[in-house]
Structure formats: structure tokens, C-alpha cells
Amino acid sequence: MAEFAQTTINKLSQLYDRWLPKLPAEINPRNVLIFCVLGLLCIGSIMVASASMPYAERMHENAFHYVTRHGISIFVAAMAAYLAYKVPLNVWFNNTFFLWIITIVLLVAVLVVGTEVNGSKRWIRLAGFTLQASEVGKVMMAIFTADYVVRRAEEVRNNIKGLVRLSVIMGATVGLIILEPDLGATVVITLTMLGIFFLAGAPWIQFGAAFVTLFGVFVAAILLEPYRLQRLLSFSNPWEDPLGTGYQLSNALMAFGRGEWTGVGLGHSIQKMSYLPEAHTDFMLAILGEEFGFMGISTILLLSFTMLICCIRIGHRALQHQYLRAGYLAYGISIIFLLQILVNAGMNMGMLPTKGLTLPFISYGGSSLIVCAVMISLILKIDSNTREVNPSREESSF
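Residues numbered from 1 in each chain as written. Predicted model: local features only at pLDDT ≥ 70, side-chain atom pairs only at ≥ 80, totals over all residues. Heavy atoms only, no water.

Quick notes on the overall build of the chain
In terms of helices and strands, the chain carries 15 helices and three strands. With 398 residues in all, the chain has 51% of them scored as buried. Across the chain, the fraction of contacts at a sequence separation of at least 24, relative to all contacts at a separation of at least 6, is 73%. Entry remark: accessible area of the chain is about 18400 Å², with carbon and sulfur atoms responsible for 68%. (Helix = DSSP H or I, 4+ residues; strand = E, 2+ residues; numbered from the N terminus. Buried < 20%, exposed > 50% of the residue type's maximum accessible area, 1.4 Å probe, protein only. Contact = heavy atoms within 4.5 Å. Areas by Shrake-Rupley, 256 points an atom, 1.4 Å probe, with all protein chains shown as cover.)

Some thoughts on the packing of helix H13 (residues 284-320) against helix H14 (residues 324-348)
When two helices pack together, their arrangement is given by the angle between their axes and by how far apart the axes lie. Between H13 and H14, the shortest axis-to-axis distance is 9 Å and the interhelical angle comes to 165°. Classified by the angle between their axes, H13 and H14 sit roughly antiparallel to one another. Here the hand of the crossing between H13 and H14 comes out left-handed. For the contact of H13 with H14, a count of residues per class yields 21 nonpolar, seven polar and no charged. (Axes fitted to C-alpha atoms, helices over the stretch in contact; angles between N-to-C directions. Parallel < 35°, antiparallel > 145°, perpendicular 65-115°, else oblique. Left-handed = near helix turned anticlockwise from the far one by under 90°. Nonpolar A, V, L, I, M, F, W, Y, C, P; charged D, E, K, R; others polar.)

A closer look at the side chain of His321
With respect to the helices and strands, His321 occurs in the loop between H13 and H14. At 2.8 Å, the side chain of His321 and the backbone oxygen of Thr386 are in polar contact. At 3.4 Å, the side chain of His321 forms a polar contact with the backbone oxygen of Arg387. With residues up to four places along the chain from it excluded, the contact list for His321 reads Thr386, Arg387, Glu388, Val389 and Asn390. (Polar contact = N/O pair within 3.5 Å; in protein donor to acceptor, adjacent residues only side chain to side chain.)

So, helix H5 (residues 96-113)
The terminal C-alpha atoms of H5 lie 25 Å apart, and with 18 residues this matches the ideal 26 Å at 1.5 Å per residue to within 8%. Within the span of H5, buried status applies to Thr96, Leu99, Trp100, Thr103, Ile104, Leu106, Leu107 and Val110. All buried residues of H5 fall inside an arc of 160° around its axis, so they share one side. For H5, the exposed residues set more than 90 degrees away from the buried face come down to Phe97, Phe98, Val105, Val112 and Val113. Elements that come into contact with the buried residues of H5 comprise helix H4 (89-94), strand S2 (120-126), strand S3 (129-132), helix H6 (133-151) and helix H8 (160-178). (Expected span 1.5 Å × (residues − 1). Arc of directions from axis to C-beta.)

Overview of the packing of helix H3 (residues 65-86) against helix H15 (residues 366-385)
For the pair H3 and H15, the least separation of the axes is 8 Å and the interaxial angle reads 30°. Here H3 is positioned roughly parallel relative to H15, judged by the angle of their axes. In the crossing of H3 with H15, the sense of the turn from one axis to the other is right-handed. Of H15, the residues touching H3 (which contributes His70, Ser73, Ile74, Val76, Ala77, Ala80, Ala81, Ala84 and Tyr85) are Gly366, Leu369, Ile370, Ala373, Val374, Ser377, Leu380, Lys381 and Ser384. In terms of residue class, the contact of H3 with H15 is built from twelve nonpolar, five polar and one charged.

A closer look at the pattern of salt bridges
Using the criterion set out here, one finds nine salt bridges in the structure. In this structure, Lys272 engages Glu291 in a salt bridge whose closest nitrogen and oxygen atoms are separated by 3.2 Å. Here Glu291 lies in helix H13 and Lys272 lies in the loop between helix H12 (247-259) and H13, a separation of 19 residues in the sequence. An identical accessibility class is assigned to Lys272 and Glu291; each is buried. (Salt bridge = Lys/Arg side-chain N within 4 Å of Asp/Glu carboxyl O.)

A few points about the side chain of Glu291
Glu291 sits in the buried class, given a relative accessible area of 1%. A polar contact is formed between the side chain of Glu291 and the side chain of Ser50, at a distance of 2.9 Å.

Brief notes about the confidence of the model for the chain
Low pLDDT means the predicted coordinates in that region are not meant to be read closely. Summary statistics for the chain give a mean pLDDT of 84 and a share of 87% for residues scoring 70 or more. Per-element confidence in the chain ranges from a low mean pLDDT of 62 for helix H1 (residues 2-19) to a high of 94 for H15. (pLDDT = per-residue confidence, 0-100.)

A look at a nonpolar patch on the surface
Taken together, the side chains of Ile72, Phe75, Val76, Met79 and Phe129 define a hydrophobic patch exposed on the protein surface, amounting to about 430 Å² of accessible area. No other element matches the four residues that H3 contributes to the nonpolar patch. Its place among the elements puts Val76 in helix H3. (Patch = residues over 30% accessible without salt bridge, like charges linked within 9 Å, V, L, I, M, F, W, Y side chains within 5 Å.)

A few points about the nonpolar core
One recurring pattern in soluble globular proteins is that nonpolar side chains are buried together. Among the nonpolar cores identified, the biggest contains 110 residues, and Leu33, Tyr328, Phe337 and Phe361 are the most heavily contacted of them. No other element matches H13, which puts 15 residues into this core. There are two domains that each give this core at least three residues, and those are domain 1 (32-86 + 246-322 + 343-386) and domain 2 (94-224). Apart from residues no more than four positions distant in its own chain, Leu33 is found in contact with Met307, Cys310, Cys311, Ile314, Ile376, Ile379 and Leu380. (Core = buried A, V, L, I, M, F, W, Y, C linked by side-chain atoms within 4.5 Å. Domains from an automatic or database assignment.)

Concerning the packing of aromatic side chains
Pairs of aromatic rings are described using the distance from one ring centre to the other and the angle between the two planes. For the structure shown, the criterion picks out six aromatic pairs. Ring geometry for Phe337 against Phe361: centres 6.5 Å apart, planes inclined by 35°, an arrangement best described as tilted. Of the two residues, Phe337 sits in helix H14 while Phe361 sits in the loop between H14 and H15, which places them 24 residues apart along the sequence. A single burial state applies to Phe337 and to Phe361, both of which are buried. Of the aromatic side chains, those joined through ring pairs into one cluster are Tyr55, Tyr66 and Tyr364. One residue, Lys381, lies across the ring of Tyr85, its end atom 5.0 Å from the ring centre. (Phe/Tyr/Trp six-rings, centres within 6.5 Å; stacked < 30°, edge-to-face > 60°. Lys NZ or Arg CZ within 6 Å of the ring centre and 35° of its normal.)

What follows is the structure in C-alpha cells.
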């Protein structure tokens, strides 16, 4: 399976290399990535303003409440991205155990002093703002796993110990997240760690066994909590209970229906008038679809997947030049972005159960925006550091 993934990526890379000489020098993965991120951020800021104003006026008597907070989050995200870019990659990879300890401390702090919202403790309140520890956990565990599969390459490829050691770290981390509970972040972190483990050359038997085990745990987590089972069943037919379990999805689908091809126009959404709860967060895509229609949705998805392709391309070049930790980290970040895009779009369109995962750079959410900015900063750092062949030639089976 690892060979299949490598072959697929190599074919895509050959296609890219075939067309690269025909493009201007300015059109490269780094510049396209920056363009896509800035484009998504601008569209997201406009949509946060449009979607949040009625809700902010009703809840805070200030229509610009969430717009102001979003602006502050953008500033903090820019500062965090700048600081992350200044840190050498080796510093991240040489302190992975310390980063994991920080993640565990934050996750424990959430359970002890966290703020409860809608039955879940996922946020730590700091000076009027909130920090979602599971968002920090996503990037920290990607860094940890990227270093682990290279440092323990022999065990990962040839010994069950590699999977066992990683499973202990994974279990301790996602176990705390499940207690919040946050099943969406649990799925993202688990699949990211498994994805990196798989790309590092893990045997198919180990990967398959881990996947089946985690799938069983996932099913058990759904069956043990009635509300999760209701969500899983309601998304297939939200009209069966449109005022109960299917309320959010049914209103989201009505928003898409009103948008048709070109939308009803910026600011003219009806669903954001308290019909779709907190529309500026997880269901931002539905409001965007209502106001800008199919064309608006297509633009967002095109920018998002182009951003994703650029991250993969930068990671592939890092692996080709034997910067394996950097390459696996780029792939891990790509998996995080891919899962968030697919899950958020899927739940908005009724293709997946409702989960609390934001659409990168579009949805309102300070923690998500800051972490996404840091991940893009790490990708740009990987791009700048891996353009030449690595003289130390890190070894792995990829």
C-alpha cells in the first residue's frame, strides 16, 4: 500500500513537472499557496461579517462583535505564523516529547478548568478569548509522528513495537479529547497519525489491524452515546425530524437550495437570521452557498484543494531531497486540511453527520485560524529549507 501511495504521488509529480516549464516562474507551489490562503482569508472575513451580524446584534447588542474578534484573531494568527516560521525545523523535531507533554497538559487543563458549551468542555478561557486545546493537539501530534516514523524507522517497517509505541501516545492523547467530548478532533488526529505511519512504510498488516481496531473504537463511541447515534442517523434524512435532530442540516440544505447557481447576493441570506444556529461557525459554507450559490462554493473548494495540492507538492519534494521528517510533516498537515475540508463540506451538504470541524480560513474560530496559520507557516518553512538535496540523507523506506 505504501508503494501504491508512492507511485500515485510520483505520477502526479511527473504530470506537474511536465507542465511546470510552460508556466511563468512566479507560478510555483509557494506563491500559489500564499495566494490561496490570502484568498480564503479575505473571503472568510467577508463571510464572517455577513453571517455573524444578526446573531451578534441579538446576543451582544453589537453587530460588529464577531467581526472585531475575528480581526484580532487574524492579527494573532499572523504573529503566531511569523514566530513559527522563525523557529528552525530541527528545534521542532528535537523537542517532540516536550511538545507532546504541552499537548497533554492543555488537554487536562480543559477537563479541569475548561468552559462548557453545549455539553462539551473544549475551551480554556484566557483574557476574554478561548483556546481550543484539541486544535493545538492536531499540529503537535503531526510533528510528533513525523519525527517518530523517521527516528524509529526500523521498528515502523519491521517490528510491531513501532505501532505499539505510537498507539500508546495516540491513545493517551485522543483519550483525553474523547472525554471532552470531541469526536471530530479525535478522528482527525487519529487518521493523521495513521496516515503518516502508513506513508513511512508500515506493513499493510499492521496498518490494517490498527485501522480495524480504531474503527471498532469509533463505532463503540457512537453507540455508547445516544446523541452521537442520533446525529449519525438523522443526517441521512433530516426531514424526518426537521425541528429536532435534523434542524441544523435541514436549514443548511434550504440555504443551498435558495442559493442555486449565483446566490441571492451578499448580505441577503435568510438562514443567518437565527434560523441556522451560529451560522458563522461550522455552517459558514451553507450561508456562503445561499449568498453566492454554486459559483461561490466552487470558488472556495477550488482554492482549498489548490492549497492542499501545494502542500502535498512541497512535502513530496522534501522527501525526494531526503528531508524525511519535513516531508512527513507536510503530508501530515495536508491530511489535517483534507479531513477538515471534506468533513465540513460534507456535513454542510448532508453527506456526513454533523461534527464541530471548521473550514480552514473560512469559518469563524480563533483557535482554528491560529493553528491553520501556523501549519501554513510550517509548510512555507519546509519549502524554503528543502530546495537542495539533504547532505545528511535521512533514511526511511519511502
